[in-house]
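# A structural walkthrough
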Protein chains: 2
Amino acid sequence: MSRKPALAVVGATGAAGAVMLQILSQHADVWGDIRLLASPRSAGRKLAVRGEECEVLALDEDTLRGVDVAVFLVPEDVAARWAPIAAAQGAVVVDASAAFRMDPDVPLVVPEINPHAVRVRPRGIVASPGCTTLALIVAVGALHAEFGLSELVVSAYQAVSGAGQAGVAALREQLSTVAGTRLGTTPGDVRRAVGDDTGPFAGPVALNVVPWSGTPQQDGWSSEELRIRDETRKILDLPGLRVAATCVRVPVVTAHSVSVHARFERAVTVERAHEILATSPGVVLYDDPAAGDFPTPADVVGTDPTWVGRVRRSLDDDRALDFFVCGDNLRKGAALNTAQVAESVAAELTAGLAAGRSAGEAAYAVD
Amino acid sequence: MSRKPALAVVGATGAAGAVMLQILSQHADVWGDIRLLASPRSAGRKLAVRGEECEVLALDEDTLRGVDVAVFLVPEDVAARWAPIAAAQGAVVVDASAAFRMDPDVPLVVPEINPHAVRVRPRGIVASPGCTTLALIVAVGALHAEFGLSELVVSAYQAVSGAGQAGVAALREQLSTVAGTRLGTTPGDVRRAVGDDTGPFAGPVALNVVPWSGTPQQDGWSSEELRIRDETRKILDLPGLRVAATCVRVPVVTAHSVSVHARFERAVTVERAHEILATSPGVVLYDDPAAGDFPTPADVVGTDPTWVGRVRRSLDDDRALDFFVCGDNLRKGAALNTAQVAESVAAELTAGLAAGRSAGEAAYAVD
């Protein structure tokens, strides 16, 4: 090929954007030009990527022109508007938002689980799953490949950075209010001290847990809970999978945890589950409770893999495993998975470009 | 009857003991003498109960003499040693520890669920369940009575006071360390700031969750997790019930929460579940997420009932309900249930005494 693909990072100035720039500086460099795009009010800022200062440009039709791959790390409404425009101009879009995840013409890709799905993208858009799904799917997918998943019951312990910088700011502020006090012992004392402004959360999150995230959906379920179900089904290509998810926000800055009860079609053993998890790409098995070894958010924040511990076979059901996973919701849960998908597209385009096809043509190539 | 039964509160100076003295001052007064007992080093302290100062006596064979009912709010090893001594002297013991819960000759009683079990106590000892079981059992038991429980998958969000004053102190100290900092964003930064002394927990609990509580048991399960299974089976008289529990410590001072996935023998509806929960003694239904109504620890701490919200029927299984419960682990989870059991024994003894039987005879009376 004559050139490496050009990349646009849309949302470069956000929290996930910052992690993306780190990743681009650390990973093998598969990119030609890298263009940083953001809202007009962030234009003109300079950010470092691959060791060089790079000026942030305002996102518009002009700045999306000539891009081979555009990663979108922006809110859902921004992605819904701009991703089709980028795709229409010939870019392959990799979108981290929920805007296109359930579109049947948009593949939902986790490279460790369904790498080939990225090739079939009729709209020129590829979606990356939500951060809670990404906290569990690599481990669950590896076990599914061996045992055949039939049911998932999961309870999430979601970090506040899943709600963006506003979530982190809310927790930090509330922690300053409650630290050094005797709060947390009488009804509503934390709520009164924190006040009505609980930031992006439906209640105070310091000295508390809040069993709600997302927006109200059918029959009492939250959007975040239904996403875990819908995304898991789509990624594993198990449209009838039974999934019951509960999302609870906890006073942790970054790294989502999930308590997973997984039922399989075939009998399981902890030994075999350990072997699978210990050898699966993107997974670290950390499971010796007697030695104090199990994943916690404070230990795994800032790292790439899904950490798995507390692996137990149900005492009442030889086809069920219980385990606890932790994963950084800003890395694998957002920027990292998006970068991995974009890199797989880059490899494909590079091969296509080498064969003399345009990026647009290569984007529709299916093996 | 000529007199009200005499009560001994063993462990009066502890956290659960303090709540017990509050409860004794608030509830209808069914007791004659109330004697406060504790370890020799706490003897001589004066505590208020029923509006009067009362001197704490050292626990020994003499101070247990002449007691009709003895509530034990002490560690397991202390209860294991002293409860049989109190029973041998004629007292009916109501023990909040785990020492006797699985003894087939000791009933495990939650008055809202199995009140009659208290009457059959061959050892003169009645046990109260653990705080995590008590957070969920009243709601689960009410639904079981209607729908027939067949399986439970639960994930707990356990408050630090479940580990006693040392747990509360550890969280308060760690919170002071992390408040006002940027900790929680790089691997191990919280662990390094907190240091090796994480109190009674297997890891730092500020800005973190710790998926471990209790001691290591068979096949990777923790003692706390197996207790939820064993206790639930015994209280509901369902020896073959399938239970998978995961216990996780969270940075909350008081009030345990549990995410419950319950499967039943019969089809369920949210409407009927709401009716049952809204009319069950000891339960408050608080379930309107669109209005921000769901239980959180900060709201329910210091209250007696089990609070239930987020009631949903599984989208994939019309016999499964998911819901979220919160309960104060020091009230219903410890002192309150113990007090309720003791009061039911008092009523029985009073009836027995009225009929001219001794407390010892009444203790063996079975309807």
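Keep in mind that this is a model prediction, so the values were computed, not measured.

This part covers the relation of the copies chain A and chain B. Between chain A and chain B, which share one sequence, the superposing operator has a rotation angle of 180° and an axial displacement of 0.0 Å; the RMSD is 0.0 Å. One copy is carried onto the other by what is essentially a two-fold rotation axis. Looking at the interface residues of chain A, 100% of them are also at the interface in chain B, so both copies use one shared face.

Moving on, we come to the UniProt feature "domain: Semialdehyde dehydrogenase NAD-binding" (unreviewed entry) in chain A. Under the UniProt annotation, "domain: Semialdehyde dehydrogenase NAD-binding" (unreviewed entry) lies at residues 6-121 of chain A. Between the C-alpha atoms that bound residues 6-121 of chain A the distance is 19 Å, and the span itself is 22% helix and 24% strand.

So, about the pairing of strand 12 (residues 306-313) of chain A. All names here are of chain A. With 7 of 8 residues buried, strand 12 lies mostly within the body of the structure. One ladder, built from 3 bridges, connects strand 11 (residues 283-285) with strand 12; its direction is parallel. Paired with Val-283 across the strands is Thr-306, a residue of strand 12. Bridge count between strand 12 and strand 13 (residues 320-327): 5 bridges; the pairing is antiparallel. Opposite Gly-309, over in strand 13, you have Phe-324 as the bridge partner. Taking the residues between adjacent antiparallel strands as the criterion, strand 12 and strand 13 are bridged by 6 residues.

With 77 residues of chain A at the contact, the number on the chain B side is 77 residues. Regarding the contact of chain A and chain B, the summed buried area is about 6,000 Å², with carbon and sulfur atoms giving 58% of it. On inspection of chain A and its partner chain B, the count reaches 12 salt bridges. Arg229(B) is the partner of Asp316(A) in a salt bridge, and the nearest nitrogen-oxygen pair spans 2.6 Å. Taken together, the links from chain A to chain B amount to 42 residue pairs in polar contact (both at pLDDT 80 or more).

Moving on to the pairing of strand 8 (residues 149-158) of chain A. All names here are of chain A. Burial analysis of strand 8 places 9 of its 10 residues in the buried class, the great majority of the element. As paired strands, strand 8 and strand 10 (residues 256-264) are joined by 8 bridges and run antiparallel to one another. Bridged to Val-154 within strand 10 is Val-260. Across 8 bridges, the pairing between strand 8 and strand 9 (residues 242-249) is parallel. Each residue of the ladder has a partner; that of Val-153, found in strand 9, is Ala-244.

Analysis parameters
Residues numbered from 1 in each chain as written. Chains lettered and ligands numbered in written order. Predicted model: local features only at pLDDT ≥ 70, side-chain atom pairs only at ≥ 80, totals over all residues. Heavy atoms only, no water. Least-squares fit on C-alpha atoms with pLDDT ≥ 70 in both. Contact = heavy atoms within 4.5 Å. UniProt positions renumbered as here; feature names shortened; annotations may be inferred. Helix = DSSP H or I, 4+ residues; strand = E, 2+ residues; numbered from the N terminus. Buried < 20%, exposed > 50% of the residue type's maximum accessible area, 1.4 Å probe, protein only. Pairing = 2+ DSSP bridges. Buried area = accessible area lost by both parts, 1.4 Å probe. Salt bridge = Lys/Arg side-chain N within 4 Å of Asp/Glu carboxyl O. Polar contact = N/O pair within 3.5 Å; in protein donor to acceptor, adjacent residues only side chain to side chain.

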